[in-house]
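# Structural overview
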Amino acid sequence: MSRDLTQVDPQWAWSVYEPDSQYPWSRRSAAHLFRRAGYGASWAQLDEAVRVGPAATIDGLLAAGQAARGFQQEMDRFAKTTLATGNAKKLSSWWLYRALYAPDQLHDKLTLFWHGHFATSAAKVQDAHVMYEQHTMLRQLALGEFIKLAQAISRDPAMLIYLDSATNRKRHPNENYARELMELFCLGTGNYTEQDIREIARCFTGWEVRRRRFTFNKYQHDKDEKHFLGQRGRFDGEDAVDIVVDHPAAANFIAGKLVRFFAFDDVEIPAPLLKPLADDFRKHDLNVRHVVDRILRSRLLHSEYSFGRKIRSPVELSLGLLRGLEGSANTIQLVEELELLGQAMFFPPSVKGWDGGRAWINSSTLLGRANLVGRIVRDEQTKFAGGPLSELAKKYGATTAGEVVDWLAELLIAVPIADDVRQQLIGTARRANDNPNRQIAEVIHMIGTLPEFQLC
Amino acid sequence: MQTLTSSAKCLLLGCTAFFLSVAPTTSKGRADEIAAADLLPDSTILYAEIPRPKQLITTIFDHQITKDIQATNEYKTATSTEEYQQFRAGITLFESVLGLKWRPAIESLSAGGLYFAFDPETEAAALLMKSNDAELLENFRDTVIKFARMDAAGKARPDPVRQSEYRGVRVFRAGQARFATVDEWLILVNKDNLGKRIVDTYLDLQESKADGNSLANSTQYQTARSSAGRDQTAWGYVNLEVIRNAGVARTLFSGRTENAAVEILVGGVMETLKNSPYATATLTAKPHQFGFAVSLPHKAEWVTETREYFFGENGRGGSPPLLKPKDTLLTLSTYRDLAAMWAGADDLYDENAAAEIAKADSNLSTLFGGRDFGNEILGAAGPELQFVLARQSYEDTNIPKPAIKLPAGALVVSLVDPEMTRQFKVAFQSAIGLVNFGQAQNGSPQFELNSEKRGSGEIVSAVYLVDKGVQKDGEGLIQYNVSPTIAFVKDKLILSSAASLASELLDLATTDAAVTQDAAVNTQILADLQAIGTILKDNQKHLVAQNMLEKGHGKEAAEREIGSFLKILDYVNDVSIRLTTETENLQLNFEVNIKQ
């Protein structure tokens, strides 16, 4: 079947997915949903999703944020303890730990999305506390109205430090934040001029950071009239954010980025396909929950246009494996490994965030990704549902080499594997049949080397 | 009386009768009088023995700590794995075939001791075990062989054990290992030559034909052996002379190091290693004490001029008493003439390290107003050094209690030249100024300098200026553990990471009698595990968080694991290390005292 998005009927694409013979609701399709709306799911969770159906499963994903309050409170206390060292890498370990065990998977995944969108790196900020404050803000507003998120990030101390806005004086306006607000955060290129950047930079003059807090220095604020994006007035930073977010391109830009995050990457979305979603997004005051709800329930997400059309990020790869196998992890070590593969939480490479897609893969990272998979499943410290791999496989009825391979393929691989690949995996399992744990670990390690496994 | 097979009894009786009648002076004729050292060649360079393994087994397996470890969830989890259960099943099967539980079996099989040796001439290692029941030993040997053959058969592999005979003794070979039992002795070697030599010696001794070239007859071994006590759990001997001459571990015996910390800690020991003919080691395990000691012959004249800084002139340098302020975690006292070490750096270190020291000398001289750091600054301090780490109370400060509570550390030295007091004070103020400059650039809190007279002493401390609105009882920054302080009292200079510790040490120095030094003790270290347990409990929630991140545990599992660790730690009172230079002997003692 053709995967040409220009051929897709927008009405079909955004209508609510109902399982049918072409796209049935199965463990494989449930696994697809959990990989996109979270970091993956266990065999038991997939069975439960199949039992309750797609609508109830998506309801559960969207509602989990409220249900996870107790977990969040515990994680907040855990984070504060971690912050005592003042080490942002420890905070990165904490986030991996949270993401691995989070009952609110969608919420956490969206927090990661916004972290990549409003990219801020602790490498420059050099203050784990303000990075955590930003993280908390992103999490709290992840599924709210986009304008609140844009306003909050504009006053966020970590962002102000990262984009040098903290030294934005009226005599020397710093244009960094004004440029990124439009180019990377709200509108995309081609929707503003250099003059707009200069004028918006004036709006943000006097927005400073003192003792880790946002402060407004009225003496350094340019109170004169500004003229940008077709508006004229004595605007301040808050007005500037309102005007930028109100721009018609904003809904398109954010909705498009969310579609690429959930459905497919490295693909240009045809304007007619995106338009109904963007219009609906605008109609609902750029409410992120609403647009995410529509994307998750869409036929487009539950179709060939989305299955296996993303490349797993290192975080998705490692957490997906661990969540699928109900594994525990040394997240301090994992942070170091993910950094080598190009994705360290709280340390995005630039203000553009992570490029994602095919950029995750090169000859070095491909080997590194397979090695990471091998290391995780062979690590004696890793426990799978509190025990060894063989017990987990037995729990789910996989005992023979063929059963183990089929179980792992359905659980961990986004697309069906060819028969010769399956036979190779069975051969691997048989060669290591003297030790059930080693046998499964060998198969998983080999799965980690497959091109199919790199797909999400 | 040991149980012997009838043939062994006959042999023994025969041999005894023969030696009693023919050669009454040859004491090695009786099989039960033959020691492992009698069987080993005089070229043996490494020898270790556990004369009474039963005692060690009892101490370890019947100890309350072992019982408590076995009661922990972590132990239960570790022993519930499939692999461990398989191992247990193997042991049970082995016990049923042997007809004895593993513990009485091992106690009986090794009742006469366990011995290990390495002989460079044959390039072979030997493990000897003496039983009190030759029949049980043969049974054990046969059971091991049976299991090896069963395992191979199960895997469709050829018979792994080959059998031959040497001078009437059945010898078995499996892979690289050769083993045999002769009366109560089990002989396990990795090369034929050494195995033959041991069997020959054993048989020849009984026939009074032994050539006498045994380890036991070596003069050096006898000298080393004479200093060994009687109640040790294990004892070992190394012929350093042969190892040195063979060119093994050249770096160790070269007497030079690249690492300044290693030099300061053990530089003098390396001087002894360069010359000492042998070393012995003793292990003592008792229910309430675990001790390990290494001993080397030592002569003051072996110490070259460059290493006089370590032992003092003619080896007379001794450490001052250990400092013990409240809640001491670790206290160290040593004799090190740092000015002399600094001056001789070119001879002690390699080129890179010496260049680094020269660079540091230049920078530190600048900090001390142009005075020569080695000669004038280090030279102003005496060689008796005291260092202490103690838990902090945080009660007397206006800064918030830090979330992570670190111990305070302090160094105490005697000033040879009291005139240098002002120079140290100025350098301290300059250093704090430099730190404040950096802190201001980073927007981090800065230090405020305070000076106070305390009795006959003086304290200059730098305390963090706390941000307005920060709660004293809040969870403060980790930096709040630090309040750098310099203090002076009598001839003492105290350099401390915390003002409270400096005050306490100043008070101790004021009230203490004059410092006495024990010339025999070069270095002593005492770690109080009870106090260390207390500071770990202060930081328990951080240890729990670390455990969660490192092991992926949930909070409860992490709390359980840390709790178990702290409980085990609670059994240990203290750990001490002492380096002493008694007459012609250098000794390093390590001791762990268990709570009664």
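So, here's what we can say about the structure. (Residues numbered from 1 in each chain as written. Chains lettered and ligands numbered in written order. Predicted model: local features only at pLDDT ≥ 70, side-chain atom pairs only at ≥ 80, totals over all residues. Heavy atoms only, no water.)

### Brief notes about the overall build of chain A
Counted only if it meets this: Each helix is a run of H or I in the DSSP string that is no shorter than four residues. Each strand is a run of E no shorter than two, and both are numbered from the N terminus. Each radius of gyration reported is based on C-alpha atoms, and the globular scaling rule is 2.2 Å times the count of residues to the power 0.38. We call a residue buried when its accessible area falls under 20% of the maximum for its residue type, exposed when it is over 50%, and partly exposed in between, using a 1.4 Å probe and counting protein chains only. In this description, contact between two residues means that some pair of their heavy atoms is separated by no more than 4.5 Å.
When helices and strands are tallied, chain A shows 24 helices and four strands. Against the compact-globule benchmark of 23 Å for 456 residues, chain A has a radius of gyration of 23 Å, which places it among compact chains. Here the C-alpha coordinates of chain A stretch approximately 80 × 55 × 40 Å along the principal axes. Within chain A, buried positions represent 59% of all 456 residues. Long-range pairs, those at least 24 residues apart, make up 73% of the contacts in chain A with a sequence separation of at least 6.

### Notes on helix α2 (residues 27–36) of chain A
Burial runs high along α2 of chain A: eight of the 10 residues are buried. If you check which residues of α2 of chain A are buried, you get Ser 29, Ala 30, Ala 31, His 32, Leu 33, Phe 34, Arg 35 and Arg 36 of chain A.

### Some details on the nonpolar core
This is how it is decided: Only buried residues count toward a nonpolar core, which is a set of Ala, Val, Leu, Ile, Met, Phe, Trp, Tyr and Cys residues joined through side-chain atoms within 4.5 Å.
Judged by nonpolar contacts, the single largest core of 171 residues is most densely connected at Trp 114, Phe 146 and Leu 325 of chain A. Beyond its immediate chain neighbours, meaning those up to four positions away, Phe 146 of chain A contacts Trp 114, Phe 118, Phe 185, Cys 186, Val 245, Ile 254, Leu 286 and Val 288 of chain A. Counting 43 residues, the second-largest nonpolar core is a separate cluster that includes Leu 296, Phe 368, Ile 432 and Val 463 of chain B.

### Brief notes about the pairing of strand β17 (residues 492–496) of chain B
Residues and elements named next belong to chain B. Filter applied, for reference: Here the rule is simple: two strands pair whenever DSSP picks up at least two bridges between them.
Burial runs high along β17: four of the five residues are buried. When strand β13 (residues 408–415) meets β17, the two strands line up antiparallel, connected through five bridges. Across the sheet, residue Val 412 finds its bridge partner in β17, namely Ile 494. Bridge analysis of strand β16 (residues 485–489) against β17 gives five bridges, and the strand direction is antiparallel. By the bridge assignment for β17, Phe 488 is matched with Leu 493. In this antiparallel pair of consecutive strands, β16 and β17, the connection spans two residues, and Lys 490 shows a positive phi of 45°.

### Overview of the interface of chain A and chain B
Where we set the bar: Summed over both partners, the accessible area lost on bringing two parts together, with a 1.4 Å probe, is the buried area. Basic side-chain nitrogens of Lys or Arg form a salt bridge, by our definition, when they fall within 4 Å of a carboxyl oxygen of Asp or Glu. The definition of a polar contact used here is a pair of N or O atoms within 3.5 Å, where within protein one atom must be able to donate a hydrogen and the other to accept one, and adjacent residues in sequence count solely through side-chain atom pairs.
Listed as interface residues are 23 residues of chain A and, on the opposing side, 19 residues of chain B. Counting each side, the surface lost to burial between chain A and chain B is near 1,600 Å², with a carbon and sulfur contribution of 55%. When residues of chain A are sorted by the area they lose upon contact with chain B, Thr 81, Ala 84 and Tyr 97 of chain A head the list and together hold 27% of the total. Counting across the interface, chain A meets chain B through zero salt bridges. Linking chain A to chain B there are six residue pairs in polar contact (both at pLDDT 80 or more). Contributing elements (two or more residues each) for the side of chain A that touches chain B: α5 (69–83), α6 (88–101), α19 (331–340), α21 (389–395) and α24 (436–449) of chain A.

### What to know about the environment of Ala 441 of chain A
Residue and element names in this part refer to chain A. Position of Ala 441 relative to the elements: it lies in helix α24. Accessibility expressed as a relative area gives 4% for Ala 441, which makes it buried. Taking the C-alpha atoms as reference points, Ala 441 and Val 377, separated by 64 residues in sequence, lie 5.5 Å from one another. The contacts of Ala 441, once residues within four sequence positions are left out, are Val 377, Arg 378 and Leu 389.

### So, unusual backbone geometry
Of note, the phi angle at Gln 126 of chain A is positive, near 60°, even though the residue is not glycine. Tracing the chain through its elements places Gln 126 of chain A in the loop between α8 (122–125) and α9 (128–141). The backbone phi angle of Asp 327 of chain B is positive, close to 55°, even though this residue is not glycine. One can find Asp 327 of chain B in the loop between α14 (308–311) and β11 (328–335).

### Observations concerning empty space enclosed by the protein
Summary: where empty space remains is shown by rolling a probe the size of a single water molecule over the atoms. Residue and element names in this part refer to chain A. The criterion, for reference: Here a cavity means grid points, on a 1 Å grid over the protein atoms only, where a 1.4 Å probe fits yet cannot get out; a pocket means an open set of points with protein on both sides within 12 Å along at least five of seven lines; lining residues are those with an atom within 4 Å of a point. Grid points are joined across faces, edges and corners, and a volume is the space filled by probe spheres set on the points. As a working rule, the residues Ala, Val, Leu, Ile, Met, Phe, Trp, Tyr, Cys and Pro are called nonpolar, Asp, Glu, Lys and Arg charged, and the rest polar, with Gly in that last group.
Enumeration according to the criterion identifies four cavities of 30 Å³ or more in this entry. The volume enclosed by the largest cavity comes to roughly 80 Å³. Lining the largest cavity, in full, are Ala 31, Arg 35, Gly 40, Ala 41, Leu 46, Arg 312, Gly 320, Leu 321, Gly 324, Leu 411 and Leu 412. Secondary structure elements with two or more residues in the lining of the largest cavity: α2, α18 (314–324) and α22 (401–412). With three residues, α18 is the largest single contributor of residues to the lining of the largest cavity. Grouping the amino acids of the lining of the largest cavity by side-chain chemistry returns six nonpolar, three polar and two charged.

### Some details on the packing of α22 of chain A against helix α23 (residues 419–431) of chain A
All names here are of chain A. Here is the rule we go by: An axis is simply a line fitted to the C-alpha atoms; with a helix, the fit covers only the stretch in contact. Between two such axes, the angle follows the N-to-C directions and lies from 0 to 180 degrees. The cut-offs work like this: below 35 degrees is roughly parallel, past 145 is roughly antiparallel, 65 to 115 is roughly perpendicular, and the gaps in between are oblique. Should the near helix be turned anticlockwise from the far one by less than a right angle, the crossing is left-handed, and should it be turned clockwise, the crossing is right-handed.
In the contact formed by α22 and α23, the axes pass within 9 Å of each other and the chain directions differ by 125°. Viewed along their axes, α22 and α23 adopt a mutual orientation that is oblique. Every pair of crossing elements has a handedness; the one defined by α22 and α23 is right-handed. Every residue of α23 that contacts α22 at Ala 401, Gly 402, Val 405 and Asp 406 is listed here: Arg 422, Leu 425, Ile 426, Ala 429 and Arg 430. Its residues assigned to classes, the contact of α22 with α23 comprises five nonpolar, one polar and three charged.

### A few points about the side chain of Ser 218 of chain B
Residues and elements named next belong to chain B. Locating Ser 218 in the fold gives a position in the loop between α9 (192–206) and α10 (219–226). Judged by relative accessible area, which is 14%, Ser 218 ranks as buried. Side-chain polar atoms of Ser 218 contact the backbone nitrogen of Tyr 221, separated by 3.1 Å.

### Overview of the pairing of strand β19 (residues 572–582) of chain B
All names here are of chain B. Where strand β18 (residues 521–528) meets β19, seven bridges bridge the pair, whose relative direction is antiparallel. Paired with Asp 528 across the bridge in β19 is Asp 574. Strand direction decides the pairing type here: β19 and strand β20 (residues 585–594), joined by 10 bridges, are antiparallel. Looking across to β20, one finds that Thr 580 is bridged to Gln 587.

### Let's talk about the environment of Gly 382 of chain B
Residues and elements named next belong to chain B. Relative to the helices and strands, Gly 382 is located in strand β12 (residues 381–390). For the pair Gly 382 and Glu 452, spaced 70 residues apart in sequence, the C-alpha separation works out to 25 Å. Those residues in contact with Gly 382, other than ones at most four positions away along the chain, are Ser 414 and Val 416.

Honestly, it's all geometry; don't read function into it.
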